[in-house]
Amino acid sequence: MARSNDIDEGFYSRQLYVLGHEAMRRMGTASVLVAGMRGLGVEIAKNVILSGVKSVTVQDEGPATWADLSSQFFLGESDLGQNRAACSLSQLSSLNPRVLVSAHTGPLNEDMLLQFQVVILTDSSLDDQKRFGAHCHLHGVKFIVADTKGLCGQLFCDFGENFMVLDSDGETPLSPIIYDISKGNPGVVTCLPDQKHGFVDGDKVSFSDVHGMAELNSMPPVGITVLSPYSFSICDTSDFSEYKHGGIATEVKQPRVFKFKALGEALLDQQLLVTTDFGKVARHQTLHLAFQGLHQFVKRERRLPLPKSKSDADLLLDIVRELNAVFQLESLDESLVRALSLTARGDLAPVNAFIGGLAAQEVLKACSGKFTPLQQWLFFDSLECLPEPLDEERGELTDSDFSSNGTRYDGQTAVFGSEFQDRLGKQKYFLVGAGAIGCELLKNFALMGLGAGEGHVTVTDMDSIERSNLNRQFLFKSRDIGRQKSEVAAQAVRGMNPHMNIIAHQNRLDADSEQVYGYQFFMCLDGVVAALDNIEARVYLDSRCVQHQKPMLEGGTLGSKGHTLVVLPHLTDSYGPMKPNSQHAIPLCTLKNFPHRIEHTLQWARDQFEGLFKQTPENVNLFLSDAGFVERVLGRGEAEALEVLEGVFGSLGDSGVGGHRPGSWEDCMRWARCQWETLYNNEIRQLLHCFPPGQLTSCGLPFWSGSKRCPHPLTFDPNNSTHMDYMVAAANLYGQIYGITGTTDLAAIREVLNKIQVPSFTTKSSTKIPVTDKEMEAEKEKGIGDAGQARLEELKEKLASPSLRNPAMQMHPVDFEKDDDSNFHMDFIVAASNLRAENYDIPAADRHQSKGIAGRIIPAIATTTAAVAGLMCLELYKVIQGHREISSFRCAYINLAVDLFVLSHPRQPQSFTVAGKQFTLWDQFLVEGRRDGGEEMTLDDLIQDIKERYGLEVSDLYYGPALLYGANYNHKERLKQRVSEVVRQVTKADIPPHKQILEMFPSFAEDEDCETVPPVRYLLR
């Protein structure tokens, strides 16, 4: 199968699943200018360079200052006084050697801008924005302005008079399966009753695989009108043939043209404001004027307002009031203007990360024509990060607390003061995950000074660095491939801030690591930050934070989408338990016999890979090393035992005794050829024998209709590239698990294939094929029958032979690795899936699409990652400030593809009642097992302690599923025992030495029917 050699798929792997090949090819021709190399400019440049444009030029005339170090992560103390652009060049260039990066240290001029497709101004005056914006608009150069001041930010885009977008949202085109199409004007298309089509009025669709009304298959895209979630009308089908069955309606993305105003004109149009917080619409209208007023202030005073200056705030407010005389806002938020004045000298890494992520995404839109561009203004503030009005612990701060002291945190103390900076340095935080979000968070932590005093940051990540990480995990370089992520990330952020106290671990966070991350560890923490890529780990970490009453910040991304969550003891809800997700599970009968989408054939191919090359070899090795293996397998049920033991015997015995253990490369080829025949010819013939093409259901409807696609057997063709791809991959993988060296020489392989005699096959009328998972379960419950029993006994007898327990027969299981193109893994998956797709007339998938689905790749891009990490760190400011109002915090859902931003207050924890008293998930009955260093309490002591302290009488007490105490049981002797002794006795297991909390769940005599109760957390040591 042809591969795209013009894009480095190894490096851009995860980003390609966001943007696609065509968009990235267009990006690869674009030259970009980023003007201003303070914190915001370097953030934008970093993200754009990682994304893979042709070239990036960074421009700045100014020298590095102490204030820059609070957010400019590619500047150090040794760079003070030197040009910011020149000092940043080396590290920016190292991010992506495929992008030409250069520095310009002189001023900007109009002629220079015409060399670029996209120009981004940061740290610029309003006069320059208007002048250069008008020039770019006139000459078709895409123009972006990004700016941050303290806790506020703005973004502006102008992509010209006629900017065409080829794909406005980047979502996979909808493709529902058709159930029926009527003849009429208009014709009505009805989809399967269990699948909503998802279309909206005006969408266009193309038809394929329609039987009967075949005219639709050759028509250009057809406009639709939605009639219901399961039906829509199309064109006049009155003269078309009668619909028979089958068909797929596929959404066809339509180009859209966007018109932009130049900045000077757009300044006056408040309809062009895109909100980032629906609760702040009026506030951001004021911010639109406040930023303009700030430019006038700087032009008049030649400086930004001073942090504690009331007179400066009054002056800025007067300027904004004058502007509003023209704009006539219904409500001018004067407190916002004052807050902007008091914080405008601030330069904060989290705000730059968020605005920089958004701005870089707009650059990619301008270069690629993919996703909906910002039209045209966006404003953001996180002024909730400032101390709450009733923060009594914080005394009155003086001017000196906010003044520049010649430290790397000057840009941060200008907003929060030096006392808060000291508090940041004393924090002890635990970061779980050093991947894409983890790298961005660590960068922000270093710039903020989190744990850089008496505190520390502990980071754990069990993974090592792979090449596909480098596109978005910017702390890693090619030379780091193979090294541990946490170690390299820690080393990198120490380079950004030498004062960082960071401890790197390589542990997976789960129950097995509780000896490291136990009670003492968590109780020494101020908080936890989760940068994880799977729900199971998030749920586990959340439960540990609830157990130890610690705040947790959590964030994640999926392509252009991102979310953040803040979890605060007694104030918010938690991440919550794992929710069952069977909505997208593929039924087993669909995978086995009735696939109708490429996802089904790819999952089937992945299952084939795991079964043939991993699970069976592992079972063989267990059989060889464990004398009790057969008996244990028999205990798992007859059907499973027959399948497992058949695989073990077949892998150990050669063809002489009915097995298929190869002795040579030729034997591997023979196995692959017979496997091909079985899967793509014999099994399909048997399926059609059981369910012929014209078969009707008991209702008189065609059996092969709706989601059931009638298959056809394939005939092996050595000149068919997909057939040969399967042969090469399958035979080589089969050789690998037996330690036999293979080949990719097609001529040699064809020569061997010509000599192979494929056994004949005859369909069997006695074979029954389940149609549903329910039927499959019913067949399983019936057992394996007499023939199966006889075969199982035969296998037990054969496997008892000492000749089959030779340690030299150990096999080499293969772990699936999607990112190594030389290991035959994806070769096998792609070929196996596309052959099965050919059986069922399902459109084939290319290697890239197949890799994403079968490899379960999570699409990822640096822009979203940076934005999410920025939002998480803004919440971190609030947590460390000690905010107590839930209205101060924000959870976020963002989609940078369509400029959707939903910032909302966290959910409050749900309350429940026990014996008339209100509790939440944060409540617990905490009991110290040893008081004042004395002996451990008895079970009776524990029960009495709860009664005395909480006024509740324990009637039952469980440790996991084990009953420790029941009022209706004879547990008098247990009541006299130490609690830990009872736990050991009942569970028949020792308590691990590191375990310091025993979590138990009671029921109470006062409310025995209550289903939810706070746990008893018993401090054992």
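For clarity, every value in this text was computed on a predicted model and none was experimentally measured.

1. Points about the overall build of the protein chain
When helices and strands are tallied, the protein chain shows 33 helices and 32 strands. Relative to the 2.2 N^0.38 estimate, which gives 31 Å for 1021 residues, the radius of gyration of the protein chain is 33 Å and therefore close to what a compact globule would have. Judged by the C-alpha coordinates and their principal axes, the protein chain covers about 95 × 85 × 55 Å. Within the protein chain, buried positions represent 56% of all 1021 residues. Counting only contacts in the protein chain whose residues sit at least 6 apart along the sequence, the fraction spanning at least 24 positions is 73%. Carbon and sulfur atoms make up 49% of the accessible area of the protein chain, which totals about 43,200 Å². On the protein chain, the mean spot of the 99 positive side-chain charges and the mean spot of the 132 negative ones are 2 Å from each other.

2. Examining the pattern of salt bridges
By the definition in use, this model includes 66 salt bridges. Across the pair Arg25 and Asp6 runs a salt bridge, and its minimum N-O distance is 2.4 Å. Here the residue Arg25 occupies a position in helix H2 (residues 21-27), and Asp6 occupies one in the segment before helix H1 (9-19), the gap between them amounting to 19 residues. The partly exposed category is assigned to Arg25, whose relative accessible area is 27%. Of the charged contacts in the structure, one is a salt bridge between Lys253 and Asp169, with a shortest N-O distance of 2.9 Å. Of this pair, Lys253 sits in the loop between strand E14 (248-251) and strand E15 (256-258) while Asp169 sits in the loop between strand E7 (163-165) and strand E8 (178-181), and the two are 84 residues apart along the sequence. The class for Lys253 is partly exposed, based on a relative accessible area of 21%.

3. Quick notes on the sheet that holds strand E3 (residues 100-104)
With respect to topology, eight strands assemble into an open sheet ordered E3-E2-E1-E4-E5-E6-E17-E16, the strand pairing being mixed. On the outer flanks of this sheet lie E3 and strand E16 (273-275), each paired with one strand and no other. Averaged over neighbouring strand pairs, the angle between their axes works out to 15° when direction is ignored. In the packing of helix H8 (residues 281-301) onto the sheet, contacts are made with strand E5 (142-149), strand E6 (152-158), E16 and strand E17 (377-381), and the angle to E17 comes to roughly 100°.

4. Looking at the sheet that holds strand E32 (residues 1016-1019)
Strand order in the open sheet made by the five strands is E28-E32-E31-E29-E30, with mixed pairing throughout. In this open sheet, the two strands that pair with only one neighbour each are strand E28 (925-928) and strand E30 (962-966). Between one strand and the next, the sheet's axes are offset by a mean angle of 25°, whatever the strand orientation. Alignment of strand E29 (residues 954-959) against E30, held across four bridges, turns out to be antiparallel. Residue pairing in the sheet places Leu957 in a bridge with Tyr965 of E30. Of the strands in this sheet, E28, E29, E30, strand E31 (997-1004) and E32 touch helix H31 (residues 939-950), which is tilted by about 130° from E28.

5. Concerning the nonpolar core
Val32, Leu92, Leu151, Leu441, Leu442 and Phe445 are the most contacted members of the largest nonpolar core, which totals 163 residues. For this core, the element with the highest residue contribution is helix H30 (residues 862-881), accounting for twelve residues. Residue contacts for Phe445: discarding those within four places in its chain leaves Leu431, Leu450, Val457, Met500, Val529, Cys873 and Leu876. In this structure, Val648, Ile737, Val814 and Phe828 belong to the second largest nonpolar core, which totals 77 residues.

6. Here's the deal with a nonpolar patch on the surface
The grouping of Phe278, Tyr893, Val898 and Leu900 at the surface amounts to a nonpolar patch, some 340 Å² of accessible area in total. Tracing the chain through its elements places Phe278 in the loop between E16 and H8.

7. Describing the packing of helix H9 (residues 310-327) against helix H10 (residues 334-343)
Contact pair H9 / H10: the axes reach a minimum separation of 9 Å and the direction vectors enclose 130°. Accordingly, the angle class assigned to the pair H9 and H10 is oblique. Once H9 is placed against H10, the crossing between them reads as right-handed. On H10, the residues that touch Lys310, Asp312, Ala313, Asp314, Leu316, Leu317, Val320 and Arg321 of H9 are Glu334, Val337, Arg338 and Ser341. Class assignment for the residues of the contact of H9 with H10 results in five nonpolar, one polar and six charged.

8. A few points about the side chain of Ser51
Relative to the elements of secondary structure, Ser51 occurs in helix H3 (residues 39-51). Judged by relative accessible area, Ser51 falls into the buried class, the value being 1%. Non-local contacts of Ser51, meaning those with residues more than four positions away in its chain, are made with Tyr12, Gln15, Met24, Met27, Leu364 and Asn471.

9. Examining the packing of aromatic side chains
Overall, the coordinates contain 43 aromatic pairs when judged by the stated rule. Pairing Phe623 with Phe629 gives two aromatic rings, centres 6.5 Å apart and planes at 75°, and the pair type is edge-to-face. Of the residues examined, Phe629 reaches a relative accessible area of 2% and is grouped as buried. Among the aromatic residues, ring-to-ring pairing joins Trp604, Phe609, Phe613, Trp671, Trp676, Tyr680, Phe716, Tyr726, Tyr734, Tyr738, Phe816 and Phe828 into one connected group.

10. Some points on the pairing of strand E18 (residues 428-432)
For E18, the tally of buried residues reaches four of five residues, placing the bulk of the element in the interior. Since E18 and strand E19 (residues 456-460) lie parallel, the crossover through helix H15 (residues 436-448) that links them has a hand, and here it is right-handed. Pairing between E18 and strand E21 (residues 527-530): four bridges, direction parallel. Among the inter-strand pairings, Phe430 is bridged to a residue of E21, identified as Val528.

11. Quick word on the confidence of the model for the protein chain
Mean pLDDT over the protein chain: 92, with 98% of residues reaching 70 or higher. Of the regions scoring below 50 in pLDDT, residues 1-5 engages in twelve contacts with residues more than four places distant in sequence or in other chains. Predicted confidence for residues 390-395 stays below pLDDT 50, and this span has seven contacts to residues more than four positions away or in other chains.

12. Thoughts on the side chain of Gln608
One can find Gln608 in helix H20 (residues 598-625). Overall, Gln608 belongs to the buried group, its relative accessible area being 17%.

13. Observations regarding the packing of helix H24 (residues 721-738) against helix H28 (residues 825-839)
Running from N to C, H24 and H28 cross one another at 135°; their axes reach a closest spacing of 8 Å. When the axes of H24 and H28 are compared, the pair comes out oblique. Two packed elements cross with a definite hand, and for H24 against H28 that hand is left-handed. Taken together, the residues of H28 that come into contact with H24 (itself represented by Thr722, His723, Asp725, Tyr726, Ala729, Ala730 and Leu733) are His825, Asp827, Phe828, Ala831, Ala832, Asn834, Leu835 and Glu838. Partitioning the contact of H24 with H28 into residue classes produces eight nonpolar, four polar and three charged.

14. A few points about helix H4 (residues 84-95)
Spanning twelve residues, H4 covers 17 Å between terminal C-alpha atoms, matching the ideal 16 Å at 1.5 Å per step. Those residues of H4 that fall on the buried side of the exposure criterion are Arg84, Ala85, Cys87, Ser88, Leu92 and Leu95. The buried side chains of H4 occupy one side of the element, clustering within an arc of 155° when seen end-on. Backbone nitrogen of Ala85 and a side-chain oxygen of the N-cap are separated by 2.9 Å at the start of H4; the cap is Asn83.

15. Topic: helix H25 (residues 746-754)
Every buried residue of H25 is listed here: Ile749, Val752 and Leu753. Down the axis of H25, the sector holding all buried residues measures 100°, keeping them to one side. Seen from the buried face of H25, the exposed residues on the opposite side, beyond 90 degrees, are Ala747 and Asn754. Elements that come into contact with the buried residues of H25 comprise helix H23 (665-690) and H24. The opening residue of H25 is Asp745, an N-cap whose side-chain oxygen sits 3.1 Å from the backbone nitrogen of Ala747.

16. Remarks on unusual backbone geometry
In this model, Asn185 is joined to Pro186 through a cis peptide bond whose omega is 0°. Mapped onto the fold, Pro186 is located in the loop between E8 and strand E9 (188-191). Residue Gln376 is reached from Gln375 by a cis peptide bond, and omega for that bond is -20°. Positive phi is not limited to glycine here, since Arg856 has a value of about 50°. Examined against the element boundaries, Arg856 turns out to sit in the loop between helix H29 (847-854) and H30.

Cut-offs used in this document
Residues numbered from 1 in each chain as written. Predicted model: local features only at pLDDT ≥ 70, side-chain atom pairs only at ≥ 80, totals over all residues. Heavy atoms only, no water. Helix = DSSP H or I, 4+ residues; strand = E, 2+ residues; numbered from the N terminus. Rg over C-alpha atoms; globule rule 2.2 N^0.38 Å. Buried < 20%, exposed > 50% of the residue type's maximum accessible area, 1.4 Å probe, protein only. Contact = heavy atoms within 4.5 Å. Areas by Shrake-Rupley, 256 points an atom, 1.4 Å probe, with all protein chains shown as cover. Lys, Arg positive; Asp, Glu negative; His and termini not counted. Charge placed at Lys NZ, Arg CZ, Asp CG, Glu CD. Salt bridge = Lys/Arg side-chain N within 4 Å of Asp/Glu carboxyl O. Pairing = 2+ DSSP bridges. Axes fitted to C-alpha atoms, helices over the stretch in contact; angles between N-to-C directions. Core = buried A, V, L, I, M, F, W, Y, C linked by side-chain atoms within 4.5 Å. Patch = residues over 30% accessible without salt bridge, like charges linked within 9 Å, V, L, I, M, F, W, Y side chains within 5 Å. Parallel < 35°, antiparallel > 145°, perpendicular 65-115°, else oblique. Left-handed = near helix turned anticlockwise from the far one by under 90°. Nonpolar A, V, L, I, M, F, W, Y, C, P; charged D, E, K, R; others polar. Phe/Tyr/Trp six-rings, centres within 6.5 Å; stacked < 30°, edge-to-face > 60°. Right-handed = clockwise from strand over helix to strand, strands pointing away. pLDDT = per-residue confidence, 0-100. Expected span 1.5 Å × (residues − 1). Arc of directions from axis to C-beta. Polar contact = N/O pair within 3.5 Å; in protein donor to acceptor, adjacent residues only side chain to side chain.

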